[in-house]
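The chain contents come next:
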Amino acid sequence: MGKKIVILNGSPRPKGNTAGLIEAFVNGAKQAGHEVVRFDLQKMDIHPCLGCLGGGKDPQSPCVQKDGMAEIYPHYETADVLVLASPMYYWSITAQLKTAFDRLFAVTEKDPGYNTPKQRCVLLMAAEGDTPENFEPVEHYYHSLLNHLGWDNLGEVYAGGVMRVGDIVGHPALAKAFELGKNL
């Protein structure tokens, strides 16, 4: 039976290099019979977390802020796999992705003990730099995040040397993204 995959796309460029990684991943996932829901965060009205600790009171609408996250929450809560996709911005994920990810805490607040729902996760990232040292800060953040949340890492695809739109064409990371999607 296919898995439900939710993609949070943190790239501001709709046809950029991150989009190329996502497309390859989605093609593999759909070939394997998985269902994919993609959220292009740049196009959505999502506000930063207020840190109010007021979420979780309404199971149907976990956050006190009423914005684009309302569309994401039900998919996140029922996902088998969460894909975080982002270009590298100053050796991290984009603000768009970080903002949406922070707001997932409202779902954690639904649990009296603040237990974050268990998730299986994938990271797709495009970047200008193409060395292991370039990706190390992101790898450290991603692995630490998953470790602290108790989430499973299903894989990571890093595409280095891609800065301008279209640089991803023919990149070996596309095949890796396709295979990761196909073999979930």
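Data block above holds the structure.
Bear in mind that the values here come from a model prediction, so they are computed numbers and not experimental data.

## Thoughts on the sheet that holds strand S2 (residues 35–40)
Then step 1. Read across the open sheet, the 5 strands follow the order S2-S1-S3-S4-S5; overall the sheet is parallel. What marks the edges here is a single partner per strand, and that holds for S2 and strand S5 (152–159). The mean inter-strand angle of the sheet, taken between neighbouring strand axes irrespective of direction, is 15°.
Then step 2. Docked against the sheet, helix H1 (residues 17–31) engages strand S1 (4–9), S2, strand S3 (81–87), strand S4 (120–126) and S5, running at close to 140° with respect to S4.

## Some details on the nonpolar core
Then step 1. Counting residues in hydrophobic clusters, the biggest one holds 34 residues, and the most contacted among them are Leu 8, Phe 39, Leu 41, Ile 72, Leu 82, Leu 84 and Leu 104.
Then step 2. Elements supplying a minimum of two residues to this core: S1, S2, helix H2 (69–78), S3, helix H3 (95–103), helix H4 (105–108), S4 and helix H5 (132–149).
Then step 3. Top element by residues in this core is H5. It accounts for 5 residues.
Then step 4. The contacts of Leu 82, once residues within four sequence positions are left out, are Val 6, Leu 8, Tyr 76, Phe 101, Leu 104, Gln 119, Arg 120, Cys 121, Val 122 and Trp 151.
Then step 5. Ala 24, Ala 85, Ala 177 and Leu 184 belong to the second largest nonpolar core, which has 22 residues in total.

## Points about unusual backbone geometry
Then step 1. Its identity is not glycine, yet Leu 53 carries a phi of approximately 55°, on the positive side.
Then step 2. With respect to the helices, strands and loops of the structure, Leu 53 is situated in the loop between S2 and H2.
Then step 3. For Trp 91, which is not glycine, the phi torsion reads 60° and is therefore positive.
Then step 4. Turning to its location among the elements, Trp 91 is positioned in the loop between S3 and H3.

## What to know about the packing of aromatic side chains
Then step 1. With the rule as written, the count across this model stands at 5 aromatic pairs.
Then step 2. Ring centres of Phe 105 and Tyr 114 lie 5.9 Å apart, and the angle between their planes is 5°; this geometry places the pair in the stacked category.
Then step 3. Using a relative accessible area of 42% as the deciding quantity, one classes Tyr 114 as partly exposed.
Then step 4. On the numbers, 4.8 Å between centres and 45° between planes, the contact of Phe 135 with Tyr 158 is tilted. Pair noted here: Phe 135 is in helix H5 and Tyr 158 is in strand S5, with a separation of 23 residues, a long-range link.
Then step 5. On the accessibility criterion, Phe 135 (6% relative accessible area) is buried.

## Focus on the side chain of Thr 18
Then step 1. Within the element layout of this structure, Thr 18 appears in helix H1.
Then step 2. What Thr 18 contacts, discounting residues up to four positions off in sequence, is Asn 9, Ser 11, Ala 85, Ser 86, Pro 87 and Ala 126.

## Here we look at a nonpolar patch on the surface
Then step 1. Residues Leu 53, Phe 105 and Tyr 114 make up a contiguous nonpolar surface patch of about 290 Å² in total accessible area.
Then step 2. Its relative accessible area of 53% is what places Leu 53 among the exposed residues.

## Details of the environment of Glu 179
Then step 1. Along the chain, Glu 179 falls in helix H6 (residues 172–182).
Then step 2. The exposure class of Glu 179 is partly exposed, given its relative accessible area of 36%.
Then step 3. In sequence terms Glu 179 and Gly 113 are 66 residues apart; their C-alpha atoms lie 37 Å from each other.

The rules behind these values
- Residues numbered from 1 in each chain as written.
- Predicted model: local features only at pLDDT ≥ 70, side-chain atom pairs only at ≥ 80, totals over all residues.
- Heavy atoms only, no water.
- Pairing = 2+ DSSP bridges.
- Helix = DSSP H or I, 4+ residues; strand = E, 2+ residues; numbered from the N terminus.
- Axes fitted to C-alpha atoms, helices over the stretch in contact; angles between N-to-C directions.
- Contact = heavy atoms within 4.5 Å.
- Core = buried A, V, L, I, M, F, W, Y, C linked by side-chain atoms within 4.5 Å.
- Buried < 20%, exposed > 50% of the residue type's maximum accessible area, 1.4 Å probe, protein only.
- Phe/Tyr/Trp six-rings, centres within 6.5 Å; stacked < 30°, edge-to-face > 60°.
- Patch = residues over 30% accessible without salt bridge, like charges linked within 9 Å, V, L, I, M, F, W, Y side chains within 5 Å.
- Areas by Shrake-Rupley, 256 points an atom, 1.4 Å probe, with all protein chains shown as cover.
- Salt bridge = Lys/Arg side-chain N within 4 Å of Asp/Glu carboxyl O.

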